[in-house]
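Understanding the architecture of this molecule
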Amino acid sequence: MSATTENRSLGRLPTREALLQKRRGWFFGMSGDQFVKYLFQGNATISIIVLGLITFTIFRDAVGFIPMNHASLAVYRLAGLEYVDIYREQLTTHSTMSRYLASVRAQKLDQLMNKEGLAPAAAMATLAEFDDFANRFADTINEQETLLGSMTDLVTAVKERQTVSEDIMVGKQYLLRAMAGATPERAAELQRAADVLTVEVIDFKAEFQRVLALRPEIAAANTSQVAALKALMAGAPKFADSDLQRRMEKFQGFVQGYCQEVEVTAQKMAAWDQSKPIGWLESFNAFAFGRKWVTASFWQDWYGIIPLLSGSLLIAFLALLIALPLGVAAAVYVNQVARPVEQKIIKPYIEFISAIPSVVLGFFGIAMLGETLRRVSQIPALDWVPGFPMAERLNPTTAACLLALMAIPTIFSLAEDAINNVPRSFKEASFALGATRLQTIIHIIVPAALSGIMAAILLGFGRVIGETMVVLLCAGNRIQTPDLTSGLGVIFQPVHTMTGIIAQEMGEVVRNSIHYRALFMVGVVLFLISLLINWLAQKIVRRYRISIG
Amino acid sequence: MVTASAMSAPSPSVQSLLRPVVSVGSVNGAPTPLAPQIAIEIDDVDFCYGASKALHDITLNIAARQVTAFIGPSGCGKSTLLRCLNRMNDLIDGARVTDGQIRIDGVNIYDPRVDVIELRKRVGMVFQKSNPFPKSIYDNITYGLRIQGESNKARLDEVVEKSLRGAALWDEIKDRLHESALGMSGGQQQRLCIARAIAVEPEIILMDEPCSALDPIATAKVEELIHDLKKQFTIVIVTHNMQQAARVSDRTAFFYLGKLIEYAETKVIFMQPANAQTEAYVSGRFG
């Protein structure tokens with residue numbers, strides 16, 4: 001009774017009425033809370049759907065690559081391009097030897113002019129005998145080159161006809177498909193247009209007979225070449241200089257190897273089977289383990305990811321190598337050693353680095369860093385450094401330095417978080433046992449934060465491997481697999497990257513062509529790598545949380 | 001009233017409690033000179049966190065090989081004073097002793113020439129919440145010795161056994177020395193922390209509410225342990241639990257609002273406190 005009067009006096013509803021007074025929603029019958037809930041739910045759903053669609057599209061476009069590459073490889077074999085490539089390899093070896101000979105000549109000329117002080121004309125005259133030898137060596141390949149030329153012409157003509165007939169077939173299919181929904185007159189017209197187009201069915205076996213017909217000539221050319229080479233080697237020029245003589249002997253070893261290669265090549269060509277089918281695995285392996293990325297070639301396109309993947313990995317590891325000590329050490333310093341004032345300055349400053357647009361960094365790399373690095377590499381006192389002096393100003397090292405700069409904020413922030421999560425009591429316990437600050441950091445703080453630091457490193461790696469602009473601008477963009485035999489100097493050889501090639505070529509490719517799909521395949525590989533890295537990082541972080549309890 | 005200043009010259013009754021010290025903590029096996037009967041002299045200490053003063057003119061002497069308890073309501077400065085004794089407060093920005101001295105073996109530990117690392121080796125500490133490192137039990141106990149450069153396996157093994165026995169933990173965990181210390185129960189973890197502290201052979205052990213996170217059975221074990229440890233170590237314990245102070249300590253200091261109100265033998269504090277505030281606190285009327 002008294003409660004009711006009190007409520008009344010305050011202008012409030014009695015409790016009973018107030019409880020039963022659920023208000024109707026103001027927005028399609030929804031209350032404010034419900035509306036907000038559905039709004040957020042909708043946003044989350046849209047994000048998930050969009051992500052799913054993107055993933056689906058990328059995979060769909062990429063998967064088409066395998067059958068297309070399969071067809072392309074089938075034509076490569078059927079038209080006989082593969083056969084001609086076996087022969088071409090032999091000729092490549094020969095021209096490599098010619099280049100070796102030229103380098104021997106250059107060394108000799110250098111000696112004559114710089115050490116013995118001969119005038120250019122006199123030096124040339126001294127080399128006349130050697131030049132004669134070199135010319136006669138080069139002439140031994142002439143017959144083969146003619147043969148290779150005629151075989152190339154024959155097989156490219158066949159391949160060209162195949163390409164044309166495929167195009168016509170596609171055109172015809174379009175016409176026939178358009179008939180489905182057309183008026184009768186229009187359909188008749190389309191039918192006539194389609195009838196005009198005749199798809200040539202090429203009999204590869206018959207066509208290839210013309211290439212096979214050259215076999216006796218190839219054999220004859222090989223015999224005469226080997227004989228000519230042997231005669232030539234008997235009268236090979238000799239040098240007084242031991243170094244040059246050693247190189248000359250090495251050259252003779254090459255020639256011997258070449259003579260054996262001629263035989264092996266002939267056997268391979270004889271054993272080559274035009275009708276052997278291409279396996280699906282083979283067409284996938286041509287991508288996954290292919291060492292050539294050649295596009296828009298008159299001969300044969302190759303889409304091997306190895307040069308791009310190795311380029312990306314090389315740059316990413318280099319960048320990580322630079323960013324790791326800097327990022328982690330900075331995190332340890334800021335969290336454990338720095339005074340509050342220093343913390344207030346350093347933290348935002350490092351995090352600010354990530355605000356620099358990558359194109360600006362790339363520009364800086366081209367204009368400043370690359371040039372500076374090259375100048376430094378040309379200092380004679382630094383010749384002992386592998387790969388110095390650098391040949392190119394844009395190379396993996398230039399790119400890695402900038403990428404490291406971009407990875408540092410990521411590594412720093414995450415590592416700092418991980419260190420910050422180490423309970424303060426560990427630190428106190430360590431100090432109370434008489435440990436110094438350094439001992440505490442090394443033996444307690446860093447091990448306790450290690451999994452968090454590992455996750456930071458992984459995510460830094462993910463950041464680096466996905467970065468595009470800097471590598472496109474600074475990595476040198478030469479499609480080649482880093483040559484690990486050249487030792488550490490490999491870090492100064494220009495490479496191309498997975499991200500770079502997509503950015504560079506995607507704008508120019510024909511939609512749905514094999515090249516287009518190959519780029520999507522590269523995208524899928526990148527996607528999988530990022531996925532793997534993120535998954536690992538999450539797994540590590542989760543384990544870390546549990547262990548701290 | 002038995003004030004702190006009266007302690008600087010120990011009264012005969014206190015004198016009788018102090019047995020002679022033979023060798024407390026040894027370096028390389030050589031016995032150190034006879035330790036003073038007064039382990040720590042706290043002389044007129046003022047302490048500030050930034051601008052706010054936490055301790056006012058604290059003067060008391062802590063007797064060697066006895067358990068001294070610091071009691072008082074929250075925020076009275078008892079933990080602060082404890083952490084002054086091994087300079088753990090150095091880790092807090094702006095915290096400093098502004099006046100007075102704390103002397104151990106006659107040396108003012110706030111003297112610029114004092115090596116803090118060496119001080120903390122002599123004055124060990126056990127914290128309120130057990131804080132074993134996320135390492136194995138073995139590594140936890142040997143940590144203090146390893147960072148001092150000890151790497152002799154046999155010697156480390158010996159210390160581990162001795163410390164664990166000292167902390168009454170050996171029989172429970174001798175079979176799983178190489179398992180993670182985080183897998184032990186709370187009470188075991190706290191006794192491990194005590195074992196870790198005594199492994200470096202300190203002279204004084206500071207305990208900051210060591211039982212506040214433990215259940216009654218684990219608390220009883222730790223209390224028993226404290227009782228055993230005082231044969232060998234000087235122990236200073238901060239506690240909120242008055243029964244605990246009464247059970248384990250020989251002498252008790254009561255703090256209130258950063259001031260030392262009363263310091264006397266434990267039974268005096270609990271039976272016949274000289275100060276009205278002390279009496280109110282120990283009888284549970286405030287705090």
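Just so we're clear, the structure is a prediction, and the values are computed from it rather than from any experiment. (Residues numbered from 1 in each chain as written. Chains lettered and ligands numbered in written order. Predicted model: local features only at pLDDT ≥ 70, side-chain atom pairs only at ≥ 80, totals over all residues. Heavy atoms only, no water.)

1. Brief notes about the overall build of chain B
As a reminder, the rule being used: Secondary structure elements follow DSSP: runs of H or I no shorter than four residues count as helices, runs of E no shorter than two count as strands, and numbering proceeds from the N terminus. The cut-offs for exposure are 20% and 50% of the maximum accessible area for each residue type, with area from a 1.4 Å probe on protein chains only; residues under the lower value are buried, those over the upper are exposed, and the others partly exposed. Contact between two residues is taken to exist if any of their heavy atoms lie within 4.5 Å; hydrogens are not considered. Shrake-Rupley sampling with a 1.4 Å probe provides the accessible areas, and residues are treated as covered by the protein chains on show and by no other component.
A count of helical and extended segments in chain B gives eleven helices and twelve strands. Buried positions account for 53% of the 287 residues belonging to chain B. Counted over contacts in chain B with a minimum sequence separation of 6, partners at least 24 positions apart contribute 67%. Approximately 12,500 Å² of chain B is accessible, and the part contributed by carbon and sulfur atoms is 51%.

2. Quick word on the overall build of chain A
Filter applied, for reference: C-alpha atoms define the radius of gyration, and 2.2 Å times the number of residues to the power 0.38 defines the globule rule.
Scanning chain A from terminus to terminus reveals 22 helices and two strands. At 35 Å, chain A has a C-alpha radius of gyration far larger than the 24 Å of a compact globule built from 549 residues. Here the contacts in chain A between residues at least 6 apart in sequence split such that 78% fall between residues at least 24 apart. Total accessible area on chain A is roughly 30,300 Å²; 63% of this is exposed by carbon and sulfur atoms.

3. Brief notes about the interface of chain B and chain A
Interface size, as often reported, equals the accessible area lost upon joining of the parts. Test applied: A 1.4 Å probe defines the accessible area here, and the buried area is the portion of it lost by two parts on being joined, summed over both. Only one rule defines a salt bridge in this text: a Lys or Arg side-chain nitrogen within 4 Å of an Asp or Glu carboxyl oxygen.
The interface of chain B with chain A comprises 25 residues on the first partner and 19 residues on the second. Note on chain B versus chain A: buried area summed over both sides is about 1,800 Å², and carbon and sulfur give 67% of it. Ranking the residues of chain B by area buried against chain A places B:Leu91, B:Tyr143 and B:Ile147 at the top, with a combined share of 28%. Linking chain B with chain A are one salt bridge, by the criterion used here. For B:Arg83, the salt bridge identified is with A:Glu428, shortest N-O distance 2.6 Å.

4. Quick word on the packing of aromatic side chains
Heads up, the rule is: For this analysis, a ring pair means two rings from Phe, Tyr or Trp (six-membered ring only for Trp) whose centres lie within 6.5 Å, classed as stacked if their planes differ by under 30 degrees, edge-to-face if by over 60, and tilted for the remaining angles. Geometrically, a lysine NZ or arginine CZ counts as sitting over a ring once it is within 6 Å of the ring centre and also within 35 degrees of the ring normal.
Tallied over the full model, the rule gives 22 aromatic pairs over all chains. Between A:Phe130 and A:Phe239, the aromatic rings sit 5.7 Å apart at their centres with planes inclined by 45°, giving tilted as the arrangement. Of this pair, A:Phe130 sits in helix α7 (residues 128-139) while A:Phe239 is found in the loop between α11 (215-234) and α12 (242-271), placing the two residues 109 residues apart along the sequence. Just as A:Phe130 is buried, A:Phe239 falls in that class too. Directly above the ring of B:Phe133 sits B:Arg196, whose terminal nitrogen or CZ lies 4.5 Å from the centroid.

5. Some thoughts on the side chain of B:Asn140
Residue and element names in this part refer to chain B. Here is the rule: Whenever a nitrogen or oxygen atom comes within 3.5 Å of another N or O atom, the pair is scored as a polar contact, on the condition that within protein one atom can donate a hydrogen and the other can accept it, and that pairs from neighbouring residues in sequence are kept only if both atoms are in side chains.
Looking at the element boundaries, Asn140 is found in helix α4 (residues 137-147). For Asn140, a relative accessible area of 0% corresponds to the buried category. Polar side-chain contacts of Asn140 include one of 3.2 Å to the side chain of Arg196. Other than its neighbours up to four places away in sequence, Asn140 contacts Pro132, Phe133, Lys135, Ala181, Leu192 and Arg196.

6. Notes on the sheet that holds strand β6 (residues 95-104) of chain B
Residue and element names in this part refer to chain B. Put simply, the test is: When DSSP finds two or more bridges between two strands, those strands count as paired.
In space, the four strands of this open sheet follow the order β4-β3-β6-β7, with antiparallel pairing throughout. On the outer flanks of this sheet lie β4 (52-63) and β7 (107-108), each paired with one strand and no other. Bridge count for strand β3 (residues 38-49) against β4 is eight bridges, and the pairing is antiparallel. Bridge pairing in β4 places Ile42 opposite Leu60.

7. Section: the confidence of the model for chain B
Residue and element names in this part refer to chain B. The condition is simple: As a per-residue measure, pLDDT reflects the predictor's confidence and takes values from 0 up to 100.
In this model, chain B carries an average pLDDT of 83, and 87% of its residues clear a pLDDT of 70 or more. Low pLDDT, under 50, characterises residues 1-36; the predicted model gives this stretch 45 contacts beyond four residues in sequence or across chains. What the predictor reports for the complex is a pTM of 0.78 with an ipTM of 0.82.

8. What about the pairing of β3(B)?
Residue and element names in this part refer to chain B. Connecting β3 to the next strand, β4, in antiparallel fashion are two residues, including Gly50 with a positive phi near 55°. Taken together, the eight bridges between β3 and β6 define a ladder with antiparallel strand orientation. Along β6, the bridge assignment pairs Cys48 with Arg96.

9. Some details on the packing of α4(B) against helix α7 (residues 186-199) of chain B
Helix packing geometry: the angle between the two helix axes and the distance between the axes. Residue and element names in this part refer to chain B. What counts, and what does not: Every angle, taken between N-to-C directions, lies between 0 and 180 degrees, and every axis is a line fitted to C-alpha atoms, over only the stretch in contact when it is a helix. Throughout, the term roughly parallel applies to angles under 35 degrees, roughly antiparallel to angles over 145, roughly perpendicular to angles from 65 to 115, and oblique to all others. Note on convention: near helix rotated counterclockwise from far helix by under a right angle means a left-handed crossing. Clockwise means right-handed. Residues are grouped as follows: Ala, Val, Leu, Ile, Met, Phe, Trp, Tyr, Cys and Pro are nonpolar; Asp, Glu, Lys and Arg are charged; every other residue, Gly included, is polar.
Two elements in contact, α4 and α7, have axes separated by 7 Å at closest approach and are oriented at 30°. As summarised for this structure, α4 and α7 are arranged roughly parallel, according to the angle between their axes. α7 is crossed by α4, and the crossing has right-handed handedness. Judged by residue contacts, Ile137, Asn140, Ile141 and Leu145 of α4 engage Leu192, Ala195, Arg196 and Ala199 from α7. A per-class count over the contact of α4 with α7 returns six nonpolar, one polar and one charged.

10. Overview of the state of the cysteines
By definition, a disulfide links the sulfur atoms of two cysteine residues through a covalent bond. As a reminder of what qualifies: A pair of cysteine sulfur atoms is labelled a disulfide when the two atoms are within 2.5 Å.
Counting across every chain of the model gives zero disulfides over all chains. With no disulfide of its own, A:Cys401 lies 9.8 Å from the sulfur of A:Cys474, the closest cysteine sulfur.

11. With respect to the packing of helix α8 (residues 142-179) of chain A against helix α10 (residues 204-212) of chain A
All names here are of chain A. Packing of α8 against α10 brings their axes to within 9 Å, and their N-to-C directions diverge by 165°. One finds that α8 runs roughly antiparallel with respect to α10. The hand of the α8/α10 crossing is right-handed. For the pair α8 and α10, contact is made by Met151, Leu154, Val155, Val158, Arg161 and Gln162 and by Phe204, Glu207, Arg210 and Val211, respectively. In the contact of α8 with α10, the residues fall into six nonpolar, one polar and three charged.

12. Notes on the nonpolar core
Which entries qualify depends on this criterion: For our purposes a nonpolar core is just a set of buried Ala, Val, Leu, Ile, Met, Phe, Trp, Tyr and Cys residues, chained together by side-chain atoms within 4.5 Å.
Counting residues in hydrophobic clusters, the biggest one holds 122 residues, and the most contacted among them are A:Val522, B:Ile40, B:Ile42, B:Leu60 and B:Phe70. Residues contacting B:Phe70, with those up to four places away along its chain left out, are B:Leu60, B:Ile62, B:Lys78, B:Leu81, B:Leu82, B:Val236, B:Ile237, B:Val238, B:Thr239, B:Ala253 and B:Phe255. Listed in part, the 53 residues of the second largest apolar core include A:Val75, A:Val84, A:Tyr100 and A:Ala236.

13. Focus: the pattern of salt bridges
All names here are of chain A. Summed over the entire model, instances satisfying the criterion amount to 37 salt bridges over all chains. Taking the shortest distance from any N to any O, the salt bridge between Lys347 and Glu416 comes out at 3.2 Å. Of this pair, Lys347 sits in helix α15 (residues 340-353) while Glu416 is found in helix α17 (residues 396-420), placing the two residues 69 residues apart along the sequence.

14. Overview of helix α4 (residues 65-78) of chain A
Residue and element names in this part refer to chain A. Rule in force here: Here the expected span of a helix is defined as 1.5 Å times the quantity of residues minus one.
Taking 1.5 Å of rise per residue, 14 residues should cover 20 Å, and α4 covers 20 Å from first to last C-alpha, within 8% of that figure. Within α4, the full set of buried residues consists of Phe65, Ile66, Asn69, His70, Leu73, Val75, Tyr76 and Arg77. Positive phi shows up at Gly80, right after α4, with a value of about 95°.

15. Considerations on the environment of B:Asp139
By the element assignment, B:Asp139 lies in helix α4. Distance in space between the C-alpha atoms of B:Asp139 and B:Leu156 is 9.7 Å, their sequence separation being 17 residues.

16. A few points about the confidence of the model for chain A
Confidence in the prediction of chain A, expressed as mean pLDDT, is 87, and 97% of residues score 70 or more. Within chain A, helix α14 (residues 306-337) of chain A carries the highest mean pLDDT (93), whereas helix α1 (residues 2-9) of chain A carries the lowest (52).

17. A few points about the domain arrangement of chain A
Residue and element names in this part refer to chain A. Rule in force here: For the purposes of this description, domain bounds are those given by an automatic or database domain assignment.
Taken domain by domain, chain A consists of domain 1 (2-62), domain 2 (74-286) and domain 3 (306-548). Summarising the inter-unit geometry, the C-alpha centres of domain 1 and domain 3 are found 44 Å apart. Between domain 1 and domain 3 lies a buried interface of about 650 Å² when both sides are counted; carbon and sulfur atoms form 70% of it. The interface formed by domain 1 and domain 3 holds zero salt bridges in total. Our count for the domain 1 to domain 3 interface comes out at two residue pairs in polar contact (both at pLDDT 80 or more). Taken together, the residues of the side of domain 1 that touches domain 3 sort by class into three nonpolar, one polar and two charged.

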